[in-house]
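Structure at a glance
Spelled out from the first residue to the last, the chains are:
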Amino acid sequence: MIAIGGVIGAGLFVGSASGIAAAGPGILVSYALVGALVVFVMRMLGEMAAANPTSGSFSAYADRALGRWAGFSIGWLYWFFWVVVLAVEATAGAVILEGWVPAVPQWAWALIVMTVLTATNLASVGSFGEFEFWFAGIKVVAITGFIVLGGLAIFGVLPGSDHAATGFGNLTEHGGFLPNGPGAILTGILLVVFSFMGSEIVTLAAGESSDAQRAVAKATRSVIWRVGVFYVGSILVVVALLPWNDPAIEKKGSYVAALDSIGIPHAGEIMNFIVLTAVLSCLNSGLYTASRMAFSLGQRGDAPRSFVRTNARGVPQAAILASVVFGFVAVAFNYLWPDTVFQFLLNSSGAVALFVWLVICFSQLRMRGIILRESPEKLVVRMWLFPYLTWATIAMIGFVLLYMLTDEKEGGGRSQVLLSVLVAAVVIAISLVRERSRRKDTAEPVAPR
């Protein structure tokens, strides 16, 4: 369920409206291209994770394949990315909850949500899994129900609905399939790519499952239909039900507008509940992911040794608390300096997920040979058309990063890439200094007694 629900983030529900407004029905191509990118990256990660399941996942593989500096750098950048996400999602959840219970201020809701999910993660990895199972279940049922109801309405066979059967006419009417030109597909890619972030979490979680190799292999093989059904399928329903330029899509949100159009009562409240579930799921997974990455860094000597210690229930308590403390600090920044300090944190972590995908690609290029040399029987998941498709994926990610540099609006792609590169350069510099210091220490001769 973590594998299935992990690809359904709050960004799908909240961010799709701006993508539809920018690209029209052509947003389907944007989602399909980014979906293919995610499928390829997950296949590469699945190949390495099935052969060597570990909580450090791609950071541990980068350490082995590319060098200590790479494992250190991408591990800390990924930790930074998720603790910033904790603040974003805690605030988003607090906004929804304050709308339901205005007597409790927004900051208090953020505190309550963070505290509850911290307690869950501290209890046991089983508690995290249990919460995530139900969060994922709600998201899966919601998206599946939306696709079924929307599909029936599109063909005019939904009982009790007065929505006129449209078939797929809305895909080509109202200015055509690409009303804003082919270039809008690239703009759409920038708007939707970040809603796919987090799909790699399943390989970290699998490291603590009872049959890790089987869990990773199964999750990796199912990623194609997960992306196809939940992302492309649900967006197809939206743009088939409504004209892409219907003002309701941007005003209400794509899913609420679509539900309203087929006469589903209380669509806004229903969607707010589903978005809250997605937000809580992201918070829960983000805290788990950040803490396990910190744990793995501690194991390799790249973080305080206290991060490695686990309590009686096998939970890395110090790693969780360190991650949540930074998350609380980021939440405070969001309330105190939303347009300065917090905006810097957002922009400086914005492109990190794309850096992670690049590192996964380069690591897989090296790890394939290592696995074949040391334990070929563990190569139960293989990247297709190796190494050509791996290099093609690297080129695709590189193109997205370069195209982001053309987005010059405030808080846009250019500032995200440049600030993320700056933070990455600082972290890499620290890792290289540490590595040089470590080599110097080991090279110094021991004085005779």
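Now for a quick tour of the structure. The shown structure was predicted, so the numbers you read here are calculated from the model rather than taken from an experiment.

As for the overall build of the chain
Helix and strand counts for the chain stand at 19 helices and zero strands. Taken over C-alpha atoms, the radius of gyration comes to 22 Å for the chain, in line with the 22 Å a tight globule of 449 residues would show. Principal-axis analysis of the C-alpha atoms places the extent of the chain at approximately 90 × 55 × 45 Å. Sequence separation of 24 or more characterises 79% of the internal contacts of the chain that already satisfy a separation of 6 or more. Surface summary for the chain: the accessible area is close to 18700 Å², and the carbon and sulfur share equals 67%. In the chain, the 28 positive side-chain charges and the 25 negative ones have mean positions that sit 14 Å from each other.

Let's talk about the packing of aromatic side chains
Per the counting criterion, the structure on display carries 18 aromatic pairs. For the pair Phe196 and Tyr231, a centre-to-centre distance of 4.1 Å together with 20° between the ring planes defines the contact as stacked. Taken together, the residues Phe196 in the loop between helix H8 (183–192) and helix H9 (201–206) and Tyr231 in helix H11 (residues 223–241) connect sequence positions 35 residues apart. In this pair, the class of Phe196 matches that of Tyr231, namely buried. When the ring of Phe399 is compared with that of Tyr403, the centres are 6.1 Å apart and the planes differ by 20°; the resulting orientation is stacked. A residue pair is termed a helical-turn pair when its members lie 3 or 4 positions apart in one helix, as Phe399 and Tyr403 do in helix H18 (residues 388–404) at four residues. The class for Tyr403 is partly exposed, based on a relative accessible area of 23%. Pairwise contacts between aromatic rings join Phe58, Tyr78, Phe81 and Trp82 into one cluster. Across the ring face of Phe386, the terminal group of Arg368 is positioned such that the distance to the ring centre comes to 4.3 Å.

Examining the environment of Thr54
Tracing the chain through its elements places Thr54 in the loop between helix H3 (27–51) and helix H4 (57–65). Measuring from C-alpha to C-alpha, the distance between Thr54 and Ala92 comes to 31 Å, with 38 residues separating the pair along the chain.

Remarks on a nonpolar patch on the surface
Together, Trp107, Leu111, Tyr335, Leu336, Trp337 and Val341 make up a nonpolar patch on the protein surface, roughly 600 Å² of accessible area in all. At the level of elements, helix H6 (106–123) and helix H15 (317–336) are the ones that each hand at least two residues to the nonpolar patch. Note on placement: Tyr335 falls in helix H15.

Details of the packing of helix H7 (residues 125–154) against H11
Axis separation between H7 and H11 bottoms out at 9 Å; the angle between their running directions is 35°. Helix-helix and strand crossings are classified by hand; for H7 and H11 the assignment is left-handed. The residues of H11 that touch H7, namely those facing Val140, Ile143, Thr144, Phe146, Ile147, Gly150, Ala153 and Ile154, are Val229, Phe230, Gly233, Ser234, Val237, Val238, Ala240 and Leu241. Its residues assigned to classes, the contact of H7 with H11 comprises twelve nonpolar, four polar and no charged.

Focus on unusual backbone geometry
It is generally the case that most residues other than glycine have a negative phi and that most peptide bonds are trans. Of the consecutive residues Phe386 and Pro387, the connecting peptide bond is found in the cis state with omega at 0°. With respect to the helices and strands, the residue Pro387 is situated in the loop between helix H17 (352–374) and H18. We note that His174 has phi near 60°; this positive angle belongs to a residue other than glycine. Secondary-structure assignment places His174 in the loop between H7 and H8.

Some details on H4
Taken across its nine residues, H4 has eight buried, putting it largely inside the fold. Listed in full, the buried residues belonging to H4 are Ser57, Phe58, Ser59, Ala60, Tyr61, Ala62, Asp63 and Ala65. Positioned one or two residues after H4, Gly67 has a phi angle of 125°, which is positive.

A word on the side chain of Ser431
Mapped onto the secondary structure, Ser431 falls in helix H19 (residues 413–443). Not counting the four nearest positions on each side in its chain, Ser431 is found in contact with Trp69, Phe72 and Ser73.

Comments concerning the packing of H3 against helix H10 (residues 212–221)
Two elements in contact, H3 and H10, have axes whose closest approach is 9 Å; the angle formed by their N-to-C orientations is 170°. In terms of orientation, H3 and H10 fall into the roughly antiparallel class. Contacts between H3 and H10 involve Met42, Arg43, Gly46, Ala49 and Ala50 from the first element and Gln213, Val216, Thr220 and Arg221 from the second.

Quick look at H3
With 25 residues, H3 should reach 36 Å at 1.5 Å per residue; the first-to-last C-alpha distance of 36 Å fits that figure. Of all 25 residues in H3, 21 are buried; the element is thus mostly enclosed.

Rules used in this analysis
Residues numbered from 1 in each chain as written. Predicted model: local features only at pLDDT ≥ 70, side-chain atom pairs only at ≥ 80, totals over all residues. Heavy atoms only, no water. Helix = DSSP H or I, 4+ residues; strand = E, 2+ residues; numbered from the N terminus. Rg over C-alpha atoms; globule rule 2.2 N^0.38 Å. Contact = heavy atoms within 4.5 Å. Areas by Shrake-Rupley, 256 points an atom, 1.4 Å probe, with all protein chains shown as cover. Lys, Arg positive; Asp, Glu negative; His and termini not counted. Charge placed at Lys NZ, Arg CZ, Asp CG, Glu CD. Phe/Tyr/Trp six-rings, centres within 6.5 Å; stacked < 30°, edge-to-face > 60°. Buried < 20%, exposed > 50% of the residue type's maximum accessible area, 1.4 Å probe, protein only. Lys NZ or Arg CZ within 6 Å of the ring centre and 35° of its normal. Patch = residues over 30% accessible without salt bridge, like charges linked within 9 Å, V, L, I, M, F, W, Y side chains within 5 Å. Salt bridge = Lys/Arg side-chain N within 4 Å of Asp/Glu carboxyl O. Axes fitted to C-alpha atoms, helices over the stretch in contact; angles between N-to-C directions. Left-handed = near helix turned anticlockwise from the far one by under 90°. Nonpolar A, V, L, I, M, F, W, Y, C, P; charged D, E, K, R; others polar. Parallel < 35°, antiparallel > 145°, perpendicular 65-115°, else oblique. Expected span 1.5 Å × (residues − 1).

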